[in-house]
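Overview (structure and organization)
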Number of protein chains: 2
Amino acid sequence: MLEEEKNTEKTILEAAKRVFLAKGFDGARMQEIADEAKINKSLVHYYFRSKDKLFDAIFEEAFSQFIPKVAETMASDKDIFEKITIFVDTYIEMFINNPHIPTFILHEINRNPDRIVDLLKNSKINPSLFVVSIMQEMQNGAIKPLHPLHLIINMISLCVFPFAAKPIIKGFILNNDEALFNQFIAERKKEVTAFIIRSIKN
Amino acid sequence: MLEEEKNTEKTILEAAKRVFLAKGFDGARMQEIADEAKINKSLVHYYFRSKDKLFDAIFEEAFSQFIPKVAETMASDKDIFEKITIFVDTYIEMFINNPHIPTFILHEINRNPDRIVDLLKNSKINPSLFVVSIMQEMQNGAIKPLHPLHLIINMISLCVFPFAAKPIIKGFILNNDEALFNQFIAERKKEVTAFIIRSIKN
DNA sequence: ACTTGGTTAATCTAAATGGTTAAACCAGTT
DNA sequence: AACTGGTTTAACCATTTAGATTAACCAAGT
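Residues numbered from 1 in each chain as written. Chains lettered and ligands numbered in written order. Predicted model: local features only at pLDDT ≥ 70, side-chain atom pairs only at ≥ 80, totals over all residues. Heavy atoms only, no water.

This part takes up the overall build of chain A. Regarding its fold elements, chain A presents 12 helices and 0 strands. Principal axes of the C-alpha set define a box for chain A whose edges measure 60 × 45 × 35 Å. Burial analysis of chain A (202 residues in total) assigns 50% to the buried set. Sequence-distant contacts in chain A: of pairs separated by 6 or more residues, those separated by 24 or more amount to 67%. As displayed, chain A offers around 10,100 Å² of accessible surface, 52% of which is attributable to carbon and sulfur atoms. Taking the 26 positively charged and 27 negatively charged side chains of chain A as two groups, their mean positions are separated by 3 Å. (Helix = DSSP H or I, 4+ residues; strand = E, 2+ residues; numbered from the N terminus. Buried < 20%, exposed > 50% of the residue type's maximum accessible area, 1.4 Å probe, protein only. Contact = heavy atoms within 4.5 Å. Areas by Shrake-Rupley, 256 points an atom, 1.4 Å probe, with all protein chains shown as cover. Lys, Arg positive; Asp, Glu negative; His and termini not counted. Charge placed at Lys NZ, Arg CZ, Asp CG, Glu CD.)

Spelled out as structure tokens, the structure:
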């Protein structure tokens with residue numbers, strides 16, 4: 001068994017993931033997925049029956065991959081500033097490695113909001129844990145009074161949005177220079193963490 | 001001429017805008033646009049020839065509608081804190097009235113990055129104006145030292161993302177309660193402005 | 001009443017696309 | 001060599017969809 005002779009099912013899944021992530025469900029074509037996997041289109045149906053089922057398979061995988069890290073960070077007993085630092089770092093790092101995820105998810109949640117909400121509800125992610133820890137830090141005076149939910153959404157916004165808006169940022173501001181964009185993103189880990197902490201620290 | 005007897009072209013444009021914004025180019029169907037406009041599908045082709053041309057028509061309109069306000073704010077001679085306040089207010093207000101715009105644009109820029117970049121380049125929006133004004137305020141000590149570009153992206157992130165992520169926020173955190181979400185968004189105008197200014201003010 | 005320019009609707013077409021079928025293939029087993 | 005279970009391929013089918021065609025309609029002008 002050669003190294004490149006990977007099993008077909010996995011090959012299809014990986015190809016499907018690339019195509020679905022780049023084009024979304026409606027924009028993706030079964031033929032394109034087959035081409036991407038360099039196999040016959042029938043094989044895609046043979047292994048996954050339908051476009052919907054194939055999509056479900058990659059969606060859950062693509063979405064779930066970043067849940068554990070986030071859940072872990074939020075549940076730890078580090079102080080809030082460390083939590084924020086780790087959160088921003090891991091989040092941004094993950095999107096560096098999966099740059100299509102933000103746009104993909106933001107688009108697909110409109111087609112089927114329940115799917116993602118169910119996945120989240122069945123996950124280990126529990127925002128109220130983080131809310132409690134924010135309120136404790138507020139009470140003991142470590143951070144300024146603020147709405148915990150807004151802080152959480154602010155954190156996620158600052159991490160996610162630049163990836164979703166990459167073509168605009170890169171094309172309009174950074175002269176279409178990929179290296180400049182990468183540099184910009186690299187800077188962001190420290191920049192965003194500092195931005196948030198400066199805003200909330202007492 | 002009755003009030004409801006609007007001209008057909010405009011009726012089509014409005015219907016097309018609703019459908020394209022909700023479903024994206026790939027997800028939209030000419031038949032659905034015709035149904036939405038309560039007219040015969042042929043009329044859509046009669047007035048706009050092709051799906052592409054119709055899309056171009058609504059895209060430019062949908063995108064351009066929020067350029068003037070932003071440009072105006074950025075070019076004014078108010079101090080930076082006022083600029084930020086106005087920017088956040090008008091941006092969020094506009095998305096309250098056009099909630100689908102964020103997801104729509106973030107998705108469509110992947111299909112055709114150049115289109116939007118060209119629109120921006122031909123617009124009155126000039127980020128370097130704002131960059132200059134940020135650097136001046138830094139020099140005269142009004143705000144802390146920071147990368148102007150990151151500040152700009154932060155501002156936009158905080159305004160745009162919550163709308164793009166609405167189904168998640170509403171479904172996962174706010175128990176699917178539309179009123180709660182509207183309240184959350186309403187709070188955000190003040191919350192985001194305060195969050196930013198706290199972070200940068202000296 | 002008839003013509004004319006523009007508008008609307010019904011019908012048709014060609015291509016794309018998701019999915020099925022049936023046959024070929026191939027590795028291992030007897 | 002023949003059988004067997006699973007895999008792969010090419011050919012095919014049914015439906016959807018963008019778009020073209022053609023005829024009906026309608027208001028204004030003559």
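Now that the structure is up, let's keep going.
This part covers the domain arrangement of chain A. All names here are of chain A. One can read the domain layout of chain A as domain 1 (8-61) and domain 2 (66-200). Taking the mean C-alpha position of each, domain 1 and domain 2 sit 29 Å from one another. Contact residues are listed per partner, giving 11 residues for domain 1 and 8 residues for domain 2. Across the domain 1 to domain 2 interface the summed buried area is about 970 Å²; carbon plus sulfur atoms make up 71%. (Domains from an automatic or database assignment. Buried area = accessible area lost by both parts, 1.4 Å probe.)

Right, let's get into the protein's contact with DNA strand C. The environment of DNA strand C is made up of 14 residues, and the closest members are Arg-29, Lys-41 and Lys-51 of chain A together with Asn-40 and Ser-42 of chain B. Close to the protein, within 4 Å, the atoms of DNA strand C are drawn from sugar and phosphate at a rate of 57%. Lys-51 of chain A is positioned with one of its backbone polar atoms (N or O) 2.7 Å from a phosphate oxygen of DNA strand C. Contacts to DNA strand C include Thr-8 of chain B, whose side-chain N or O atom sits 3.1 Å from a phosphate oxygen. Every element with two or more residues in the surface near DNA strand C is listed here: helix H3 (41-48) of chain A together with helix H3 (41-48) of chain B. The biggest single contributor to the surface near DNA strand C is H3 of chain B, with 4 residues. In terms of residue class, the surface near DNA strand C is made up of 5 nonpolar, 6 polar and 3 charged. (Near = heavy atom within 4 Å. Polar contact = N/O pair within 3.5 Å; in protein donor to acceptor, adjacent residues only side chain to side chain. Nonpolar A, V, L, I, M, F, W, Y, C, P; charged D, E, K, R; others polar.)

Lining the immediate surroundings of DNA strand D are 14 residues, of which Ser-42 and Tyr-47 of chain A together with Arg-29, Lys-41 and Lys-51 of chain B lie closest. Considering DNA strand D, the proportion of its atoms within 4 Å of the protein that are sugar or phosphate atoms stands at 58%. One of the side-chain N or O atoms of Arg-29 of chain B is found 2.7 Å from a phosphate oxygen in DNA strand D. Ser-42 of chain B places a polar side-chain atom, nitrogen or oxygen, 3.4 Å from a base nitrogen of DNA strand D. Those elements that provide at least two residues to the surface near DNA strand D are H3 of chain A together with H3 of chain B. Broken down by element, the residue count for the surface near DNA strand D peaks at 4 residues, all from H3 of chain A. When its residues are assigned to classes, the surface near DNA strand D shows 5 nonpolar, 6 polar and 3 charged.

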